[in-house]
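Commentary on secondary and tertiary structure
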Amino acid sequence: MDNKQFSRRSLGLVALLALLLFGLGAALYDAQVINGSYWAARSSTNITDTETVTSVRGSILDRYGRVLVSNYVTYQVTLNTTSMGKEKERNEILASLIQVARQSGVEWEDNLPISTQPPFTYTGDTPFYSVSKDEEGNLTKSLTRLGQLAVKMKWLSGDPTDPDKNVALPTAEELLGKMCTSFSIAGEGALDPKKAKNVPTLNIGDMDPSDARLLAGVLYELYYRDKVNNWPPYVFAKDVDIDFISRVKERGLAGVEIEAVTARQYNTTYAAHLLGRIGAITNWDNYKDIDEDGDGVPDYRQNDMVGLEGAEYVFESYLRGSPGERQVDRDTSGKIVDTTWITQPEPGDNVVLTIDIDLQQAVEDILANAIPEIERRKPEGSAPVEGAAAVVLDVNSGEVLASASYPTYNLATYSKDFSENNSNPLRPFNNRAFSGLYAPGSTFKMVTAIAGLETGIITPSTIIKDTGRYTYYNDNGPMCWIFRDYGTTHGNQNVTQAIKNSCNVFFFDVGRQVTIQGLQEYAAYFGFGEATGVELPENTGAMAGPTTPEEEQEWKIQAGRTLSVAIGQESTQVTPLQLANYIATLVNGGTRRAVHLLKEVKSSDFSQVLYTQEPEVLNTIAIAPEHLEAVKQGMLLLTTDGSVSSYFKGLPVQAGAKTGSAQVSGQTDANAIFVCFAPYDDPQIAIAIAVEKGGSGSYIGGVAAEILKYYFSAEETREEILTENTLIR
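The text that follows walks through the structure, step by step, so that each part is easy to find. In this text, all values refer to a predicted model and were calculated from it rather than measured experimentally.

Below, the discussion takes up the overall build of the protein. If you tally the helices and strands in the protein, you get 24 helices and 23 strands. By the compact-globule yardstick of 27 Å for 729 residues, the protein is too spread out, its C-alpha radius of gyration being 35 Å. Across its three principal directions, the C-alpha atoms of the protein cover 130 × 85 × 50 Å. In the protein, which comprises 729 residues, the share counted as buried stands at 47%. Looking at the protein alone, contacts between residues at least 24 apart form 71% of all its contacts between residues at least 6 apart. When the accessible area of the protein is evaluated, it comes to approximately 35,400 Å², of which 49% is carbon and sulfur surface. Taking the average location of the 61 positive side-chain charges in the protein and that of its 93 negative ones, the two points are 4 Å from each other.

So, about the environment of Ser 698. Tracing the chain through its elements places Ser 698 in the loop between β23 (685–692) and α23 (701–713). Its relative accessible area of 14% is what places Ser 698 among the buried residues. Sequence separation between Ser 698 and Met 153 is 545 residues; the distance between their C-alpha atoms is 64 Å. Once residues within four sequence positions are removed from consideration, Ser 698 is found in contact with Arg 377, Ser 643, Val 644, Tyr 647 and Thr 659. Separated by 2.8 Å, the side chains of Ser 698 and Ser 696 make a polar contact.

The next point concerns the pairing of strand β3 (residues 67–79). Inspection of the sheet shows strand β2 (residues 60–61) paired to β3 by two bridges, in the antiparallel sense. Note that in β3 the partner of Ile 60 across the bridge is Val 69. Counted between consecutive antiparallel strands, the loop separating β2 from β3 contains five residues, among which Gly 65 sits at a positive phi close to 85°. Where β3 meets strand β7 (residues 256–266), eleven bridges bridge the pair, whose relative direction is antiparallel. Among the inter-strand pairings, Val 73 is bridged to a residue of β7, identified as Thr 262.

Now for the pairing of β23. In terms of residue burial, β23 counts as a mostly covered element, since eight of its eight residues are buried. Where strand β13 (residues 387–394) meets β23, eight bridges bridge the pair, whose relative direction is antiparallel. Residue pairing in the sheet places Asp 394 in a bridge with Ile 685 of β23. Here strand β22 (residues 671–678) runs beside β23; their pairing, made up of seven bridges, is antiparallel. Within β23, the residue paired with Ala 672 across the bridge is Val 691. Where β22 folds back on β23, the antiparallel hairpin that results is connected by six residues.

With that settled, consider the nonpolar core. A general tendency of soluble globular proteins is for nonpolar side chains to be buried together. Formed by 91 residues in total, the largest nonpolar core has its most connected members in Leu 353 and Leu 586. Looking at this core, the element that brings in the most residues is helix α17 (residues 504–525), giving ten residues. Apart from the residues lying within four places of it in its own chain, the contact partners of Leu 586 are Met 446, Ile 450, Phe 526, Ile 623, Leu 628, Val 631 and Met 635. By size, the runner-up hydrophobic cluster in this structure holds 53 residues, among which are Met 153, Leu 156, Ala 172 and Tyr 220.

Here we take up the sheet that holds β23. If you walk across this open sheet you meet the five strands as β14-β13-β23-β22-β21, and the pairing is antiparallel. The open sheet is flanked by β14 (400–406) and β21 (656–662), the only strands paired with a single partner. Strand after strand, the sheet turns through a mean of 5° between neighbouring axes, direction not considered. By the bridge criterion, six bridges tie β13 to β14 in an arrangement that is antiparallel. Each bridged residue has a counterpart across the sheet, and for Ala 389 the counterpart in β14 is Ser 405. Set on the sheet, helix α11 (residues 357–377) makes contact with β13, β14 and β23; between it and β14 the angle comes to about 35°.

With that settled, the discussion passes to the packing of helix α3 (residues 87–104) against helix α7 (residues 242–251). Two packed helices can be described by the angle between their axes and the distance between those axes. Running from N to C, α3 and α7 cross one another at 150°; their axes reach a closest spacing of 10 Å. As summarised for this structure, α3 and α7 are arranged roughly antiparallel, according to the angle between their axes. Relative to α7, α3 is oriented so that their crossing is right-handed. Across from Ser 96, Leu 97, Gln 99, Val 100, Ala 101, Gln 103 and Ser 104 in α3, the residues of α7 making contact are Asp 243, Phe 244, Arg 247, Val 248 and Arg 251.

Okay, helix α20 (residues 576–587) next. Here α20 spans 17 Å end to end across twelve residues, near enough to the 16 Å set by a 1.5 Å rise per residue. Most of α20 is tucked away: twelve of the twelve residues are buried. The set of residues buried in α20 consists of Pro 576, Leu 577, Gln 578, Leu 579, Ala 580, Asn 581, Tyr 582, Ile 583, Ala 584, Thr 585, Leu 586 and Val 587. Gly 589 occupies a position one or two residues after α20 and carries a positive phi of about 105°.

Here we take up unusual backbone geometry. The phi torsion of most residues other than glycine is negative, and most of the peptide bonds are trans. Between Pro 118 and Pro 119 the backbone carries a cis peptide bond, its omega angle lying at 0°. Of note, Pro 119 is situated in the loop between α3 and β4 (129–133). Note the cis peptide between Ala 678 and Pro 679, where omega equals -10°. For Pro 679, the location among the structural elements is in the loop between β22 and β23. Positive phi, close to 55°, is recorded for Arg 427, a residue that is not glycine. With respect to the element layout, Arg 427 can be found in the loop between α12 (414–422) and α13 (432–435).

At a minimum axis distance of 11 Å, the contact between helix α14 (residues 445–454) and α20 shows a crossing angle of 35°. Viewed along their axes, α14 and α20 form a crossing whose handedness is left-handed. Mapping the contact onto sequence places Met 446, Val 447 and Ile 450 in α14 and Tyr 582, Ile 583 and Leu 586 in α20. Its residues assigned to classes, the contact of α14 with α20 comprises six nonpolar, no polar and no charged.

Inspection of every chain in the model, using the stated rule, returns 28 salt bridges. We note a salt bridge from Arg 225 to Glu 221, for which the minimum N-O separation is 2.9 Å. With Arg 225 and Glu 221 both in helix α6 (residues 209–227) and four residues apart, this pair spans about one turn of that helix. Overall, the relative accessible area of 11% leaves Arg 225 in the buried class.

Our focus in this paragraph is the side chain of Asp 394. Topologically, Asp 394 is positioned in strand β13. Despite its burial, Asp 394 pairs with no opposite charge; the closest candidate is Arg 63, at 5.2 Å N-O. Engagement of the side chain of Asp 394 in a polar contact is seen with the backbone nitrogen of Ser 397, the distance being 3.1 Å. Other than its neighbours up to four places away in sequence, Asp 394 contacts Glu 399, Leu 401 and Gln 684.

Moving on to a nonpolar patch on the surface. A cluster of nonpolar side chains, contributed by Val 73, Tyr 75 and Ile 242, occupies part of the molecular surface with about 290 Å² of accessible area. When its relative accessible area of 54% is taken as the criterion, Ile 242 is described as exposed.

Let us look at the environment of Leu 21. Looking at where Leu 21 falls in the secondary structure, it is placed in helix α1 (residues 2–34). Note: C-alpha distance between Leu 21 and Arg 512 (491 residues apart in sequence) is 109 Å.

What counts and how
- Residue numbering note: each chain is counted from 1, following its sequence as written.
- Residues qualify for local features only when their pLDDT is at least 70, as the model is predicted, and side-chain atom pairs are given and counted only at 80 or more; totals for whole chains, interfaces and linings, by contrast, use all residues.
- Hydrogen atoms and water are omitted, and side-chain values are computed over all heavy atoms in the structure.
- A helix here means a DSSP run of H or I that spans at least four residues, while a strand means a run of E at least two residues long, and both kinds are numbered starting from the N terminus.
- With C-alpha atoms as the basis for the radius of gyration, the globule rule is written as 2.2 Å multiplied by the number of residues raised to the power 0.38.
- Each residue is placed in one exposure class: buried if its accessible area under a 1.4 Å probe, protein chains only, is under 20% of its type's maximum, exposed if it is over 50%, and partly exposed if it falls in between.
- Pairs of residues are marked as contacts when any of their non-hydrogen atoms sit within 4.5 Å.
- In short, Shrake-Rupley with a 1.4 Å probe defines the accessible areas, and a residue's cover is counted only from the protein chains shown.
- Positive charge is attributed to Lys and Arg, negative charge to Asp and Glu, and no charge count is given to His or to the chain ends.
- Throughout, a charge is located at the NZ atom of Lys, the CZ atom of Arg, the CG atom of Asp or the CD atom of Glu.
- Polar contacts here mean pairs of N or O atoms no more than 3.5 Å apart (in protein, one a potential hydrogen donor and the other a potential acceptor; neighbouring residues in sequence count only if both atoms are side-chain atoms).
- One bridge is not enough; two strands pair if DSSP finds at least two bridges between them.
- Nonpolar cores were defined as sets of buried Ala, Val, Leu, Ile, Met, Phe, Trp, Tyr and Cys residues, with membership established by side-chain atoms within 4.5 Å.
- With axes taken as lines fitted to C-alpha atoms, and helix axes fitted only over the stretch in contact, angles between N-to-C directions fall between 0 and 180 degrees.
- Just so you know how the angles are binned, under 35 degrees is roughly parallel, over 145 roughly antiparallel, 65 to 115 roughly perpendicular, and the rest oblique.
- Take the far helix as the reference: if the near one is turned anticlockwise from it by less than a right angle, the crossing is left-handed, and if turned clockwise, right-handed.
- What a helix is expected to span follows from its residue count: subtract one and scale by 1.5 Å.
- Each residue gets one label: Ala, Val, Leu, Ile, Met, Phe, Trp, Tyr, Cys and Pro are nonpolar, Asp, Glu, Lys and Arg are charged, and the others, such as Gly, are polar.
- Just to be clear on terms, a salt bridge is a Lys or Arg side-chain nitrogen sitting within 4 Å of an Asp or Glu carboxyl oxygen.
- Only residues whose relative accessible area exceeds 30% and that take part in no salt bridge are eligible for patches, with like-charged residues grouped when within 9 Å of each other and nonpolar side chains (Val, Leu, Ile, Met, Phe, Trp, Tyr) grouped when within 5 Å.

Spelled out as structure tokens, the structure:
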């Protein structure tokens, strides 16, 4: 009995052992035969990283769905020095990469301010520090990137910006020699400084000095990020082609990684100030605590690319999307052997702007082409035009249909053209349409007129006689322009005639009676000194007049200052955007709406409208219909029988307008201002134009007329586009 039990137990154990051996054999067969290559690669893996994968940024479109900014896939070269081995192996890999780049004509990032060919010299006057002035006008020194690394690496005996130290600065060749020593850059025959005497400044043996300099340039970028500041991450070369990639792959350079990335593609050379650009984060403090989804994890990393200007900046939250994460396994040579997604990136949404890119192009071209003609018409000896801006607004919604600033720049070549544009005295980076400040000149007279009419100081039929000078305060009072220039007067004027003829004496008298407080009140209704509500950064300007009780006393003593305010002079400052919104508010009957550039936001696949911008009323002003008609009639007469009538003949619609000129430093150096609206009977758009040192506002009437001609001639085409887009939806 016992023998039988023992026999059964033995057989059971043998069976169990056989089963285990079979399982082990199957596992070994799977690991070595079926998946042998996979596990062989995994067996040599010694690095596992978690990488953040940037999402695809959303596109920017115009109001009719035309794509203005999109993305394209490009390849860039990054360096993972941890996979390159020791310094000698690392230097050989980098030297080989540089050789491939030179052979392929690929430019790489090298900001070391030393010439690339001997005799070596610095490419700047002060390579280790920059000199500037503080708020008190004192000269201050700040370390450059090279200066920071040179101090850290002890290539200098101390900080050259320290006023208590007298630090001797090396020549370019001496510095390069120190860098080569620190970076272990040398060929055969380099001397051992500990044993040899008379060690050369550039102790690199038989290595070509130019090759040493190029290798030092790359290592300078890497060491700076390792020792001083890891922002922004170093990208060896961007936008490389397949030929270059193939050559790099053929050499099997450990640690040299080719990454597919998306870059911004600009499908228009227009609207640069509105569209803006993206770049590396420049102020980390503004982004480090942002957590819009509330998951407790910051939305941004320090090396993220973000919108820096324009729509790219203000609509960043829509465009950015959400980054993903993946686990990356590398073998000992740095090659990726496996990737596993942790979270997939979510693409950004698409932003639809209010602008019509065809109208935008027309406005920019019309403005730029008009400058030579404006220069020709100005009096001899006048200062040249320094810049210009034009804005076209929808009267009833506050939408920006076009906004041009002259001179402008090309977003696609921003980096390449930066030095030239940045040193251009005409300041092409300035968005004059939203931030340029100008005295409104006579374009302000409609504010004075409405204030006088609505307070009952005048009626549409009130007559004020132009006597050449306004003598209410004294016999030597301010003159009307026609008396100053031609020695004559406008005679009897009602408000309509005074607007058409821009009669200063009429508005001096009305402004005096309205008082400075009344002018301030009505100017605020029309948005003077107030934000327009536009999403992009803007200047709010200033409305002349007292702001404190003490200033009110001063203005009472200097009552004549109110006369200048009434005709748009004194210290009133406005942007072209504010002027356009002022005219829109006037001709729509007194409703001031917020200006906006955003029309709607669509999902990444365009299947849904996620947000639609609705018109926003900022304030209203009650304007009696007969008062509004009297003012508008004066603006109409300017285009039909006034100083700019020749420009407006033959247009598809009637328009109302007002010229203005604001003295800068002399009569010949006045800024030219022009505002208008159309059609007269049913206003749709308002336009404001400013030309710095453009002279008389009448000089730029032709610019406005050309814009109106284009807009209303192209109306049928725009309707066709709108219909097509509606059908597509």
